[in-house]
Amino acid sequence: MHLKTVKCNQNCVIATLADLEVFNNPVSQAGFEALFRSFDAEATFQYFKSFRRVRVNFGTAAAATEARARLHKSEFNGKEMRVHFAQSVHIGSARLEPPKPDKQFLISPPASPPVGWQQALDATPVVNYDLLCAISKLGPGEKYELHTGTSTTPSVVVHVCENEQESSNSDDDDDDGKTPPPKIIQTRRPDYTPAVLH
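Residues numbered from 1 in each chain as written. Predicted model: local features only at pLDDT ≥ 70, side-chain atom pairs only at ≥ 80, totals over all residues. Heavy atoms only, no water.

Visitor: Summarise the packing of aromatic side chains; cite the residues concerned and give the values.
Guide: Under the definition given, this model contains six aromatic pairs. Three or more aromatic residues joined by ring pairs form one cluster here, namely Phe32, Phe36, Phe45, Phe58 and Phe76. (Phe/Tyr/Trp six-rings, centres within 6.5 Å; stacked < 30°, edge-to-face > 60°.)

Visitor: Any details on a nonpolar patch on the surface? Residues and values, ideally.
Guide: A surface patch of nonpolar side chains, about 320 Å² in accessible area, is lined by Val127, Tyr129 and Leu132. Within the element layout of this structure, Tyr129 appears in helix 4 (residues 129-137). Taking relative accessible area as the criterion, Tyr129 reaches 60% and is therefore assigned exposed. (Patch = residues over 30% accessible without salt bridge, like charges linked within 9 Å, V, L, I, M, F, W, Y side chains within 5 Å. Areas by Shrake-Rupley, 256 points an atom, 1.4 Å probe, with all protein chains shown as cover. Salt bridge = Lys/Arg side-chain N within 4 Å of Asp/Glu carboxyl O. Helix = DSSP H or I, 4+ residues; strand = E, 2+ residues; numbered from the N terminus. Buried < 20%, exposed > 50% of the residue type's maximum accessible area, 1.4 Å probe, protein only.)

Visitor: How would you summarise unusual backbone geometry if you had to cite specific residues and measurements?
Guide: Backbone geometry follows two general trends: most residues other than glycine have a negative phi, and most peptide bonds adopt the trans configuration. Phi is positive for Arg52, which is not a glycine, with a value near 55 degrees. Relative to the assigned elements, Arg52 resides in the loop between strand 2 (44-48) and strand 3 (53-57). Among the residues examined, Arg52 registers a relative accessible area of 37% and is labelled partly exposed. The phi dihedral of Lys73 is positive, around 60 degrees, even though this residue is not glycine. The residue Lys73 is located in the loop between helix 3 (61-71) and strand 4 (74-76) in this model.

Visitor: How would you sum up the environment of Arg188? Please name residues and give values.
Guide: Position of Arg188 among the secondary structure elements: in the segment after helix 5 (164-168). Along the primary structure Arg188 and Ser155 are separated by 33 residues, whereas in three dimensions their C-alpha atoms are 8.6 Å apart.

Visitor: I'd like a rundown of the environment of Lys79, residues and numbers included.
Guide: Mapped onto the elements, Lys79 comes out in strand 5 (residues 79-91). A relative accessible area of 40% means that Lys79 is categorised as partly exposed. Taking the C-alpha atoms as reference, Lys79 lies 7.9 Å from Leu17; in sequence the two are 62 residues apart. Contact partners of Lys79, with chain neighbours within four places excluded, come to Ala18, Asp19 and Ser74. (Contact = heavy atoms within 4.5 Å.)

Visitor: Run through the side chain of Asp40, naming residues and quoting values.
Guide: When you line up the elements, Asp40 lands in the loop between helix 2 (26-37) and strand 2. An unpaired buried charge is present at Asp40: no salt bridge exists, and Arg37, the closest side chain of opposite charge, is 7.9 Å distant. When residues no more than four places from it in sequence are discounted, the contact partners of Asp40 are Phe58, Gly59, Thr60 and Ala63. (Lys, Arg positive; Asp, Glu negative; His and termini not counted.)

Visitor: Talk me through the nonpolar core; I want residue IDs and the actual numbers.
Guide: Core analysis: the biggest nonpolar cluster contains 20 residues, and Phe32, Phe36, Val56, Phe58 and Met81 have the highest contact counts within it. Contributions of two or more residues to this core are made by strand 1 (4-17), helix 1 (21-24), helix 2, strand 3, helix 3 and strand 5. With four residues, the top contributor of residues to this core is helix 3. If we skip the residues at most four places from it in the chain, Phe36 touches Val13, Ala15, Phe45, Val56, Phe58, Ala67, Leu71, Met81 and Val83. (Core = buried A, V, L, I, M, F, W, Y, C linked by side-chain atoms within 4.5 Å.)

Okay, here's the thing in structure tokens:
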């Protein structure tokens, strides 16, 4: 939780006025300033009409203290005027603080790796050169059995497509000159009878 600190400025007072004439009428404003200039001829004024307040800055703390003691709850233009020392309120620290750690699990990736962490190397891709060699030797219309079937697993067979030139010269062409789409041969499932073990 941020700390709240309040400091009193001993050289400034705030006058709270019920009458708005001081903010609108120069004659009333001159009379108001004359009250405070009787304590310090060099006093300066800052008017805050929307807050109905006037800040009066004195050269010394003694002049500000005397003005506050004599003019607090006195009457000006027939209405009560309150005078207080100016306060500056400071909440929190001067620096922006980091967020509390309870929400930091949302940060991805983490700001720093954990102790002992090392970069994982990518695995070398597995290339089956035997398979590539066998496929490169195949010609159109030939087939190559990759995996021989057993009683419980099917065989895997690669069929190489025909060249475009050979398929265009075939007698099976349609009248439009388009070749029919190739048929996909379904690999037959081997006969399998489940054995019950006791």
